[in-house]
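Descriptive analysis of the structure
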Amino acid sequence: MSKERIKIAPEMFDIMPSEYQDLVDRATYGKEGRGWKDIGTSKELIEEHSLCAGCPESMAFRYILASLPAPEDTVMVGSTGCTSLVFPHVGVHNIHSLFGNQNAIASGLKRALSVRFPGQVKDVVVLAGDGATVDIGLDMTLQAWFRQEKFTTICFDNELYANTGGQESGLMQKGFVAKMAPVGKTFEKVKLPEIARESGCHYVVNCTVSKPNLVEKVIKNAIHVAREIGPTYLQLYTPCILEIGKNSMEGLQEMRDSEKPTERFAYKEYVSDEAKELLTELAAKEKERKAAAKKQLAEKQLAGKA
Amino acid sequence: MATQSLVGTKNRSGQVVTDAWKMMHEAERSPCFFTGSEVIKEAIRRANCDVMIAYPITPQSEAAALIGELFAEGFIGDYFRGESEFAVMSQCAGAAFGGARVFTTTAGPGTMRAMENFPMWAGARLPIQMIVTCRGINSPLSIQPDTLEISYLLNTGMLVWHAETAQDFYDWILKGYMVSEEPDVHLPLALCCDGFFVTHTKDVVNLTPADMCLPPYDPYRSPVPCMDMECPPVRMMRDPFVMKSNYISYATHASWQQEVWAAVERSRKHTIRWLDGLIEVDRPDAEILIVSSGTAVSQGREAQALLEEDGIEVGIVKVKTLRPWPEEEIRQATKNAKHIIVPEFNVTGWLAKEIRATIPDADRVYAGPHVCGGMTMPPEVIAADIKKHLGIKAESLAGRGS
């Protein structure tokens, strides 16, 4: 979408909602090198949301939306769950249809956009909870990877069904006592990152969302690799503080505790050879861009002094 | 309109984009002798489809595979095999959300497996076309013709049409897109036929020229935004209605359901124009009427001829569309009838129930004969049932024990 499309006719400007005025004036559609550092200085692509106070999902949403490389040409696909409470507040097109079919929706969507906009960037990003990704939707998650569909799958892993009140999920840890696991979960946390690698994903990361710069990096990598090569998968720990008995202020610490080297969300990454090559190339280009920008800034400053 | 302005230009496969009305009603037709599956392929060749998603299930597998050949020849933008009917119907939804003209086919247990998608398609206003080649859905496993699955589609909010012949099929596939893509309709269409009887038998079908195709789908005529990020995103709501138990939430859901059904109603005028009416009546003044849909109509015609030999005059009402339901048409067509016979290829007699709920003096309706599980419906059975109903002694039919 060209930025021209969202411009408001001057005669109509004052009657538009202030959120929309902000989106036009201060959002980062089309901004090169956009990232988490824009948060606080520009209009974010997420307005208020209706998640619980202190929910790590809300942090994840803000970082992810700030890091999309091309939000003006990105369509997101969600599923049923806490994430579906947020999507109505998001400034990119997004689809909710059923519970668990997100990777099937994204497969059809990506193909339709490729037919309709050949040669143009149209990123598709799936964002769903662990119940949707690993339990009810596992078939469609894996099949999209087998078929090498070119979109990114993000799983918000909170290790249970949060939205329905804390029931056992496949990504729950063994032994955890929850609704529908009255004597504790009897089997291990499903190893989806490993399965993703074996299923043909070219870029797989397992981590928490405690560090915004890390989230930005993995989101950008995952989307670029999906755009050019094939499927990518991010499993992000977004603990449900409500269901694990934590307070609003304790989400960040919970993530920090869980990402220690011996813990289950220690940073893990898999990058295929093809993806490595692409990411190296992109990193070099980014370096060049930054150097050029720095040079330009220095010249400007010099000119200003002169 | 954008799509009309493309008339006269060529599409991706070099076909000339043609005004749909002219193509269907004025262009020269040439006869072919094809199976129903081949006829589906020929219709889709001319439908300017963007995406087709396939899955094997008897009796639609052949048609779904033949459309793959069309893709290989460049007539379709993209084509692939999904992993199950549930997934396929979601993939179709994704493609339609992205602004594509979408086609798929399914049958029997596939229809049932995919069922959760259909109210979603209608609610999301996706004008997907799905061919349903009906077959048994009972246990033990059956692949034989049986139309029970249609009854499950009737309350999904989809348009539901029931083709009798391969010629219906050919014309209705193409006309179906024209109706379901109208901005005031914009709903999915389940175009049903009786599996095997239509898909696997050969018939003479008159085809429109192969170098002509429908105008492309214009997703920007949709009443809801196309999810391609080509129009500004809006913040849809402050509080998602799914989580709220309050009046505004209820009213939103209620009004949207009403709007979907209002769109089904609005399809009536377009359907009447394109299909030349929602029903077709032969001998409206007869006291005995056979009212049916699908191939039961063909068998009814044979029974009509048999009874004529015995001096019994029977009229035929062919119901073409089940949604929209031709309520007023059926009421008018049956107003003079004393006996209304509704033969069906299913065990429950859903069509008879619909008719009973529509007309005054519903005790005029005789629900049957019913055959199911793949049984054929010999015209002799219909004729014998009519005679029995009228109290006329009929010769016993072999094997019926009567």
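Residues numbered from 1 in each chain as written. Chains lettered and ligands numbered in written order. Predicted model: local features only at pLDDT ≥ 70, side-chain atom pairs only at ≥ 80, totals over all residues.

**Examining the overall build of chain A**
Looking only at helices and strands, one finds nine helices and seven strands in chain A. The C-alpha radius of gyration computed for chain A amounts to 20 Å, which stays within 12% of the reference 19 Å derived for 306 residues, consistent with globular compactness. Expressed as a percentage of the 306 residues in chain A, the buried residues total 48%. Sequence separation of 24 or more characterises 66% of the internal contacts of chain A that already satisfy a separation of 6 or more. (Helix = DSSP H or I, 4+ residues; strand = E, 2+ residues; numbered from the N terminus. Rg over C-alpha atoms; globule rule 2.2 N^0.38 Å. Buried ≥ 20, exposed ≤ 12 C-beta atoms within 10 Å, placed from the backbone. Contact = placed C-beta atoms within 7 Å.)

**Considering the sheet that holds strand β11 (residues 279-282) of chain B**
Residue and element names in this part refer to chain B. If you walk across this open sheet you meet the five strands as β11-β13-β12-β15-β16, and the pairing is mixed. Each having just a single partner strand, β11 and β16 (365-370) make up the two edges of the open sheet. Going from strand to strand, the sheet's axes swing by 20° on average, the running direction of each strand aside. Relative to strand β13 (residues 314-319), strand β12 (residues 288-292) runs parallel, the two being bridged by five bridges. When the bridges of β13 are listed, Val-291 appears paired with Val-317. The strands that helix α10 (residues 295-309) touches are β12, β13 and β15 (339-344); relative to β13, the one it contacts most, it runs at about 175°. Helix α13 (residues 379-390) rests against β12, β13, β15 and β16 of the sheet, and its axis sits at about 145° to β15. (Pairing = 2+ DSSP bridges. Axes fitted to C-alpha atoms, helices over the stretch in contact; angles between N-to-C directions.)

**Things to note about the interface of chain A and chain B**
Residue-level contacts link 36 residues of chain A with 37 residues of chain B. Tallying contributions element by element places helix α3 (residues 102-116) of chain A first for the side of chain A that touches chain B, with eleven residues. For the side of chain A that touches chain B, a count of residues per class yields 16 nonpolar, eleven polar and nine charged. (Nonpolar A, V, L, I, M, F, W, Y, C, P; charged D, E, K, R; others polar.)

**Considering unusual backbone geometry**
With an omega of 0°, the peptide bond between Ser-139 of chain B and Pro-140 of chain B qualifies as cis. Here Pro-140 of chain B lies in the loop between β6 (129-134) and α7 (148-153). Along the chain, Arg-323 of chain B connects to Pro-324 of chain B via a cis peptide bond; the corresponding omega equals 0°. Mapped onto the elements of the fold, Pro-324 of chain B is located in the loop between β14 (321-323) and α11 (327-333). Despite not being glycine, Met-180 of chain A shows a phi value in the positive range, around 70°.

**Thoughts on the environment of Gly-230 of chain A**
Residue and element names in this part refer to chain A. Summarising the element assignment, Gly-230 is placed in the loop between α7 (212-228) and β6 (232-237). On a C-alpha basis, the gap between Gly-230 and Thr-152 in space is 8.5 Å, while along the polypeptide they are 78 residues apart. Beyond its immediate sequence surroundings of up to four residues, Gly-230 is in contact with Gln-148, Lys-150, Gly-200 and His-202.

**Some thoughts on the packing of α7 of chain A against helix α9 (residues 273-305) of chain A**
All names here are of chain A. Following both chains from N to C, one finds α7 and α9 inclined at 115°, their axes separated by 10 Å at the closest point. Read as a crossing pair, α7 and α9 show a hand that is right-handed. Between α7, through Asn-221, His-224, Val-225 and Glu-228, and α9, the contact on the second element is made entirely by Ala-275, Leu-278, Leu-279 and Leu-282. (Left-handed = near helix turned anticlockwise from the far one by under 90°.)

**Side note on the domain arrangement of chain B**
Residues and elements named next belong to chain B. According to the domain assignment, chain B consists of domain 1 (4-221) and domain 2 (280-390). On a C-alpha basis, the centres of domain 1 and domain 2 stand 28 Å from each other. When residues of the side of domain 1 that touches domain 2 are assigned to their parent elements, the largest contribution, four residues, is made by strand β7 (residues 159-162). Partitioning the side of domain 1 that touches domain 2 into residue classes produces eleven nonpolar, seven polar and three charged. (Domains from an automatic or database assignment.)

**Some words on the environment of His-202 of chain A**
Structurally, His-202 of chain A can be placed in the loop between α6 (192-198) and β5 (203-208). Spatially, the C-alpha atoms of His-202 of chain A and Ala-275 of chain A are 6.1 Å apart, while their sequence positions differ by 73 residues.

**Description of the sheet that holds strand β3 (residues 51-54) of chain B**
Residue and element names in this part refer to chain B. In spatial order, the strands read β4-β3-β5-β6-β8-β7-β14; together these seven strands make up an open sheet with mixed pairing. One side of each edge strand has no neighbouring strand; the edge strands of this open sheet are β4 (78-81) and β14. When the angles between neighbouring strand axes are averaged without regard to direction, this sheet yields 20°. Here β3 pairs with strand β5 (residues 102-106) via three bridges, running parallel.

**What about the pairing of β15 of chain B?**
Residues and elements named next belong to chain B. Of all six residues in β15, five are buried; the element is thus mostly enclosed. Taken together, the three bridges between β12 and β15 define a ladder with parallel strand orientation. In the strand pairing of β15, Leu-289 is matched with Ile-340. Bridge count for β15 against β16 is four bridges, and the pairing is parallel. The partner of Ile-340 across the bridge, within β16, is Val-365. The parallel pair β15 and β16, bridged by helix α12 (residues 350-356), forms a crossover whose chirality is right-handed. (Right-handed = clockwise from strand over helix to strand, strands pointing away.)

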